[in-house]
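Structural features, examined
What follows is the residue order along each chain.
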Amino acid sequence: MLNVLVVEDDEQTLAEIVEALTDHGCRVETASTGRDGLMFAVANSYDAIVLDRMLPGGLEGLGMLSALRSAGVLTPVLILSALSAVDERVRGLARRRRRLSDQAVRVHRTDRCRSMR
């Protein structure tokens, strides 16, 4: 069973991610701010982290990722972003160079994803 940390502040998005991961047999823990996510990720061992790019509380997603890597946490990270500007996507990918398993993903509407099944 994979142990996954999901750091997402939008309740509906969080619920959908958690449902999908648990349906696939993952054990999921959640945090709604970058600071809480950082504390969980440093204190616990996860197989993967799903990380929202825009988070409240003074520590956004890329800041959390930088702090994780500085702390020596090498857990693979999937970055979720609703930011569509090319420079914002490139900024997220530039952080990826530190760890090849980090991924930046453009978020799509879940109703479109469901209709493609």
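In the block above lies the structure referred to throughout.
The structure contained in this document is the topic of the report that follows.

Rules behind the numbers
- Residues numbered from 1 in each chain as written.
- Predicted model: local features only at pLDDT ≥ 70, side-chain atom pairs only at ≥ 80, totals over all residues.
- Heavy atoms only, no water.
- Axes fitted to C-alpha atoms, helices over the stretch in contact; angles between N-to-C directions.
- Helix = DSSP H or I, 4+ residues; strand = E, 2+ residues; numbered from the N terminus.
- Parallel < 35°, antiparallel > 145°, perpendicular 65-115°, else oblique.
- Left-handed = near helix turned anticlockwise from the far one by under 90°.
- Contact = heavy atoms within 4.5 Å.
- Nonpolar A, V, L, I, M, F, W, Y, C, P; charged D, E, K, R; others polar.
- Buried < 20%, exposed > 50% of the residue type's maximum accessible area, 1.4 Å probe, protein only.
- Polar contact = N/O pair within 3.5 Å; in protein donor to acceptor, adjacent residues only side chain to side chain.

Digging into the packing of helix H2 (residues 34–43) against helix H3 (residues 61–70)
At a closest axis distance of 10 Å, the pairing of H2 and H3 adopts a crossing angle of 25°. Accordingly, the angle class assigned to the pair H2 and H3 is roughly parallel. The way H2 lies across H3 gives a crossing that is right-handed. Residues Gly 34, Gly 37, Leu 38, Ala 41 and Val 42 of H2 form the contact with H3, whose participating residues are Met 64, Ala 67 and Leu 68. Residue classes in the contact of H2 with H3 are distributed as six nonpolar, two polar and no charged.

Some thoughts on H3
Counting buried positions along H3 yields eight of ten residues, so the element is predominantly enclosed. Within H3, burial applies to Gly 61, Leu 62, Gly 63, Met 64, Leu 65, Ser 66, Leu 68 and Arg 69. Measuring from the side-chain oxygen of the N-cap residue of H3 to the backbone nitrogen of Leu 62 gives 3.0 Å; that N-cap residue is Glu 60. Following H3 by one or two positions, Gly 72 has its phi on the positive side, about 85°.

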